[in-house]
Amino acid sequence: MEKAGPNFFDDEVVFASYMQRRQGLDTPNDTLEKPVLMDLIQPITDKRVLDMGCGDAAIGRELLLQGAASYIGIEGSHKMANLAHQTLVNTSGKIILQTIEDWTYPQGAFDLVISRLALHYVADLALIFTKVFDAIAPSGKFVFSVEHPVITSCDRGWIGGTLRQDWMVDNYFKTGLRVTNWLGGTVKKYHRTVEEYFHLLQKTGFIITDLREAHPQREYFQDIETYERRKRIPLFLILAARKPA
Ligand SMILES: C[S@@+](CC[C@H](N)C(=O)[O-])C[C@H]1O[C@@H](n2cnc3c(N)ncnc32)[C@H](O)[C@@H]1O
């Protein structure tokens, strides 16, 4: 039975496989996604940060150490939220166990809103973008990463758990629900095209400041074969936007 994002990550098998994978060598998160995100969110000193779908909130601890004024992580999975609480022990960071869809966003309360690899689990992104827009102070930033649309479009021909050798892009312009087997579970994701993400941001009122596909950079990889492999297809799409002054 397919699950929505938070319930999927609360599954014992999924949670264990995900955490094990995140601790591996040269993970895509560490080598591809994080360097781009860190580049796009600077400077973070004195920024009030909101993180939607924060997972273990490791980034929250890091941003607070680097001088962020505050950090709030929204997380829908109980298991992830528990872990995030532990990560933030002895910091001023806060975790709210709530879904991105259901949380009541305070108005103009954040200078930086981030979301890392969580928004492709959200069905109505237009609504969330509007909530984020209202929650950001004038000139504040919104930076998010999602699975790249060439990945979310279609997973035909891929047997979960195996090292993927070929990628099929199909039904690219048929946006919407996708059901995928991953990490020993079955999850609902939402496929959108690159232009849909771009135009949704613009329609909400954001000024788009950057668009990245996390192309691999040698300096972040220990293993040369993984580096070469990551040149085959983009895994992530990252967009940065600003609320007008
Ligand atoms: C792939 S993990 C990424 C975690 C973290 N952002 C990171 O990059 O390390 C996706 C996270 O988003 C959370 N999530 C997915 N959909 C969500 C929703 N609708 N509301 C709240 N959290 C959600 C999941 O529970 C999971 O912790």
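Residues numbered from 1 in each chain as written. Predicted model: local features only at pLDDT ≥ 70, side-chain atom pairs only at ≥ 80, totals over all residues. Heavy atoms only, no water.

Here's the deal with the environment of Val169
In step 1: One can find Val169 in the loop between α7 (149–152) and β6 (176–182).
In step 2: Under the relative-accessibility criterion, Val169 is labelled partly exposed at 42%.
In step 3: Separated by 14 residues in sequence, Val169 and Asp155 place their C-alpha atoms 8.1 Å apart.
In step 4: The contact partners of Val169, leaving out residues within four places of it in the chain, are Val150 and Ser153. (Helix = DSSP H or I, 4+ residues; strand = E, 2+ residues; numbered from the N terminus. Buried < 20%, exposed > 50% of the residue type's maximum accessible area, 1.4 Å probe, protein only. Contact = heavy atoms within 4.5 Å.)

A look at the pairing of strand β9 (residues 236–242)
In step 1: Among the seven residues in β9, six count as buried, and that is most of the element.
In step 2: Note: strand β5 (residues 136–147) against β9, seven bridges, orientation antiparallel. Its bridge partner being in β9, Val143 is matched across the sheet by Ala240.
In step 3: Of the pairings in the sheet, the one linking strand β8 (residues 207–212) to β9 comprises five bridges and is antiparallel in character. Bridging from a neighbouring strand, Leu211 pairs with Leu239 of β9. (Pairing = 2+ DSSP bridges.)

Comments concerning the pattern of salt bridges
Any two side chains of opposite charge can pair, given that their charged atoms come close.
In step 1: Summed over all chains, the structure comprises 10 salt bridges.
In step 2: Of the charged contacts, one joins Asp39 and Arg212 as a salt bridge, the two residues approaching to 2.8 Å between their closest N and O atoms. Of the two residues, Asp39 sits in helix α3 (residues 28–41) while Arg212 sits in strand β8, which places them 173 residues apart along the sequence.
In step 3: Judged by its relative accessible area of 45%, Asp39 falls in the partly exposed class.
In step 4: Here Arg212 falls in the partly exposed class, since its relative accessible area comes to 26%.
In step 5: As a salt-bridge pair, Asp111 and Arg48 come within 2.9 Å of each other at their nearest N and O atoms. In this pair, Asp111 sits in strand β4 (residues 110–116) while Arg48 sits in strand β1 (residues 48–52), placing the two residues 63 residues apart along the sequence.
In step 6: Judged by its relative accessible area of 19%, Asp111 falls in the buried class. (Salt bridge = Lys/Arg side-chain N within 4 Å of Asp/Glu carboxyl O.)

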